[in-house]
Amino acid sequence: MTEEPGQKDSELGHPQCSMGCGHKDDKASLASSQTAPFSHPSTPASKEVWKKGGRMFSILLAVHLALLACTLVSSGAFEKIAVHDYDVFFLLTVMMLVVIIWIIFYLAGTSRCPGAILGKDSHAGPIWLRGGLILFAIFSLVMDVFKIGYYSSFYSCLSAIKIIYPIVQAIFVVVQVRWLCSPRATALMSQTFSSSRRCGLMLTLTTNLAVWMSAVTDESVHKAHSKLKKNMTEEIFSSVDECNCNSQICQIFKNGYFWLYPFNIEYSLFASAMVYVMWKNVGRFIDHHSHHIQRLKFRLFRRTFFVGIMLGLIILVSGLGVLILYEVQVNSSAESIKKSQALTMYYVFNIVCLSLMSLVCIGGSVIYRFDKRDMDRHKNPTRTLDVALLMGAALGQYAISYYSIVAIVASTPRDTLSALNLTYALLMIAQHTFQNVFIIEGLHRQPPKEDHKHESHQKELYGLTFVNINKMNWRRKFLREISMFLLLSNIILWIMPAFGARPQFDNDTELNFYGDSMWPAIVDICLPFGIFYRMHAVASLLEVYIMS
């Protein structure tokens, strides 16, 4: 099977030999064709073999490092296991230092070798993705400053690694953002030193995921303590500090960096996605003759009716009000009536919001049925990753919803609050499904072609053609309105759970049904994926908006 490609390459490379070399060169030709994939790594077949081998080795490295980090992070969250949080910080600090050194050598190496860059992937690292990365990086740096101030308040009774860790993390964020925002982040890298590049990129990806797991675990432990406040939780989770934080400035630092955790979590995931695309682009070739690249211009309010923006802003502002009232009533009042009113208000708002979003997504999918744009079937690692993240992250919210449905249906007291909770869980499943269909279909559509050049000529010749063009423009306008409304709605649905609204802990139905140990574990594992889904949906909807 390996002789055929080598023989073809040999014949193409030396056409004079096939014309007049005679039988004496047959053996030499056969030997060279058999050893071509091994002795000439520049042939397409050998490039594919080496690319797959390098990818497999880097994937194995990432899997082992991820399992080690996951083991330490999860073990450090429990008090009865003899793994302390400073053990986790030590591992993460070492990983970040290694990645910082590798990034510096990577930038220096690629700057000295211009031939290492084969081209540019126009789909990788769009401006809105880089803007989101920089925004979350700024908040992550502020969080590191708060951490340094918090741990410095009682440094005499703490391990030095707790102060070193946020310092190294701040340097890691600065260096990585500088790297990911450079032109090399969207470059197609050659096969030269491809194995070392892939291993370094996978190490960077694993480090970001390990930092994400640590942040999610720390935030989940903090939320579980503040929401549940029960003895069982105190025995399971270990967030009891040996040092007391009595001063006011210490409390400000502590509360501040916990409130900034959602931004650091999203930063780690954004960086992981961009590094993964870079890893896929190592050794990748794009045929510019068959893969036509059309640059999209970011024009936010062009050809819109402002209906989607206005309705989305109403949902966003209303959601912020609901979040503030919910937090005030649930946290400051011990009365069950106030708590029930807060939960009712939260469920009613989400039911209305999810219902509108589901109907809008169905309408958008129907419009796509009549859209005349061609499907984009070219190979695109960025789009493949977006679709995989949307489908995978939605599983977290699916799991919470199905667990809630089983608990509500099986529980005997069925009141108004249980009915609202059941409706909320069902609509959450439906909205995720319809939105995924709408986004995935929008990402696979070709950008619209400019019709204004032929519009006047077609208007003079065929009135029917002009009517069809107007219908096409109306469809695109509706798609833009739908995308903007869904984008703003997903923002508020990200803000509410990310900044404290956790009805899964405030509503006792699931907690009483599954117990104090099982239900917090389910929520702490699945909810971070649901929160990430909303932010990733915002980025995908922005791309759908621009492509419409």
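Within any chain, residue numbers begin from 1 and follow the written order of that chain's sequence. At least 70 in pLDDT is required for a residue's local features to be given in this predicted model, at least 80 for side-chain atom pairs to be given and counted, and no such filter applies to totals for whole chains, interfaces and linings, which use all residues. Values shown for side chains rest on all heavy atoms present in the structure; no hydrogens or waters enter the calculation.

1. Re the overall build of the protein chain
Our working definition: Numbered from the N terminus, helices here are DSSP runs of H or I no shorter than four residues, and strands are runs of E no shorter than two. Residue contacts are defined here by distance: any two heavy atoms, one from each residue, within 4.5 Å place the two residues in contact. Only the protein chains shown count as cover for residues, and the accessible areas themselves come from Shrake-Rupley with a 1.4 Å probe.
For the protein chain, the helix and strand inventory stands at 20 helices and two strands. Within the protein chain, contacts between residues separated by at least 24 positions form 89% of all contacts whose residues are at least 6 apart in sequence. For the protein chain, the exposed area adds up to about 27300 Å²; of that, 66% sits on carbon and sulfur atoms.

2. Some words on the pattern of salt bridges
Going by this rule: Put simply, a salt bridge is a Lys or Arg side-chain nitrogen that is within 4 Å of an Asp or Glu carboxyl oxygen. Relative accessibility thresholds used throughout: buried, under 20% of the residue-type maximum; exposed, over 50%; partly exposed, between the two (1.4 Å probe, protein chains only).
Tallied over the full model, the rule gives two salt bridges. Glu 441 is the salt-bridge partner of Arg 369, the closest N and O atoms lying 1.8 Å from each other. Here Glu 441 lies in helix α15 (residues 416–443) and Arg 369 lies in helix α13 (residues 336–369), a separation of 72 residues in the sequence. Residue Arg 369 is classed as exposed on the basis of its relative accessible area of 57%.

3. Side note on the packing of helix α14 (residues 381–410) against α15
Basically, it comes down to this: Fitted lines through C-alpha atoms serve as axes, helices being fitted only where they are in contact, and the angles separating the N-to-C directions of these axes extend from 0 to 180 degrees. Between 65 and 115 degrees an angle is taken as roughly perpendicular, under 35 as roughly parallel, over 145 as roughly antiparallel, and anywhere else as oblique. The sense of a crossing depends on the near helix, which, turned anticlockwise from the far helix by less than a right angle, makes the crossing left-handed and, turned clockwise, makes it right-handed. Amino acid classes used here: Ala, Val, Leu, Ile, Met, Phe, Trp, Tyr, Cys and Pro are nonpolar; Asp, Glu, Lys and Arg are charged; the rest, including Gly, are polar.
It is the contact of α14 with α15, at a shortest axis distance of 9 Å, that shows an interaxial angle of 165 degrees. Considering the angle they form, α14 stands roughly antiparallel to α15. Regarding α14 and α15, the two cross each other, and that crossing is left-handed. Per-class residue counts for the contact of α14 with α15 are 17 nonpolar, eight polar and two charged.

4. Considering the packing of aromatic side chains
Given two aromatic rings, their pairing is described by the distance between the two centres and the angle made by the two planes. Where we set the bar: Two rings from Phe, Tyr or Trp (for Trp, the six-membered ring) form a pair when their centres sit within 6.5 Å of each other. Planes less than 30 degrees apart are called stacked, planes more than 60 degrees apart edge-to-face, and all others tilted.
Summed over all chains, the structure comprises 28 aromatic pairs. Seen in terms of ring centroids, Phe 136 and Phe 263 are 6.2 Å apart; in terms of plane orientation they differ by 40 degrees. Their pairing is tilted. Separated by 127 residues along the polypeptide, Phe 136 in helix α6 (residues 127–152) and Phe 263 in helix α11 (residues 261–281) bring together distant segments of the chain. There is no split in this pair, since Phe 136 and Phe 263 are both buried. Note on Tyr 326 and Tyr 346: the rings are 5.2 Å apart at their centroids and 40 degrees apart in plane angle, and the pair reads as tilted.

5. Quick word on the nonpolar core
Looking at soluble globular proteins, one finds that nonpolar side chains tend to be buried together. Rule in force here: By nonpolar core we mean a set of buried residues, namely Ala, Val, Leu, Ile, Met, Phe, Trp, Tyr and Cys, connected to one another through side-chain atoms within 4.5 Å.
Residues Trp 179, Phe 438 and Trp 494 are the most contacted members of the largest nonpolar core, which totals 132 residues. Ranked by residues supplied to this core, first place goes to helix α20 (residues 518–547) with 16 residues. Residues contacting Trp 494, with those up to four places away along its chain left out, are Phe 136, Pro 262, Phe 263, Glu 266, Phe 499, Ile 531, Arg 534 and Met 535.

6. Thoughts on the side chain of Asp 386
Relative to the elements of secondary structure, Asp 386 occurs in helix α14. Looking at Asp 386, the relative accessible area reads 12%, which means it is buried. Each residue touching Asp 386, except ones within four places of it in the same chain, is listed here: Leu 443, His 536, Ser 540 and Glu 543.

7. Remarks on the environment of Met 547
For Met 547, the location among the structural elements is in helix α20. For Met 547, a relative accessible area of 8% translates into the label buried. Considering only alpha carbons, one finds Met 547 and Arg 445, 102 residues apart in sequence, at a separation of 7.9 Å.

8. Observations regarding the packing of α6 against helix α10 (residues 248–259)
Across the interface, α6 lies against α10 with an axial gap of 8 Å and an inter-helix angle of 145 degrees. Note on packing geometry: the crossing formed by α6 with α10 is left-handed. Residues Met 143, Phe 146, Lys 147, Gly 149, Tyr 150 and Tyr 151 of α6 lie in contact with α10, whose contacting residues are Cys 250, Ile 252, Phe 253, Lys 254, Gly 256 and Tyr 257. Along the lines of polarity and charge, the residues of the contact of α6 with α10 split into eight nonpolar, two polar and two charged.

9. Some details on the environment of Val 216
The topology assignment puts Val 216 in helix α8 (residues 194–227). Given the relative accessible area of 10%, Val 216 is considered buried. As a C-alpha pair, Val 216 and Pro 528 span 312 residues in sequence and 7.0 Å in three-dimensional space. Residues within four places of Val 216 in sequence aside, it is in contact with Ile 265, Asp 524 and Pro 528.

10. A short note on the confidence of the model for the protein chain
Note that predicted coordinates carrying low pLDDT should not be read in detail. Going by this rule: The score called pLDDT rates the predictor's confidence residue by residue, from a low of 0 to a high of 100.
Across the protein chain, the average pLDDT comes to 76, with 69% of residues at or above 70. Every residue in residues 230–241 is under pLDDT 50, and counting partners more than four places away or in other chains gives 29 contacts. Between residues 288–296, whose pLDDT stays under 50, and residues either more than four places distant or in other chains, the model counts twelve contacts.

11. Side note on a nonpolar patch on the surface
Basically, it comes down to this: For patch detection, residues must exceed 30% relative accessible area and be free of salt bridges, and they are connected within 9 Å for like charges or within 5 Å for nonpolar side chains (Val, Leu, Ile, Met, Phe, Trp, Tyr).
On the surface, a nonpolar cluster with roughly 470 Å² of combined accessible area is contributed by Leu 359, Ile 362, Val 366, Phe 370 and Phe 434. A total of three residues in the nonpolar patch trace back to one element, the largest contributor, which is α13. Checked against the element boundaries, Phe 370 lands in the loop between α13 and α14. Residue classification places Phe 370 among the exposed positions, given a relative accessible area of 51%.

12. Here we look at the side chain of Thr 206
One can find Thr 206 in helix α8. Those residues within four positions of Thr 206 in sequence are excluded, and the remaining contacts are Ala 62, Leu 65, Ala 66 and Met 95.

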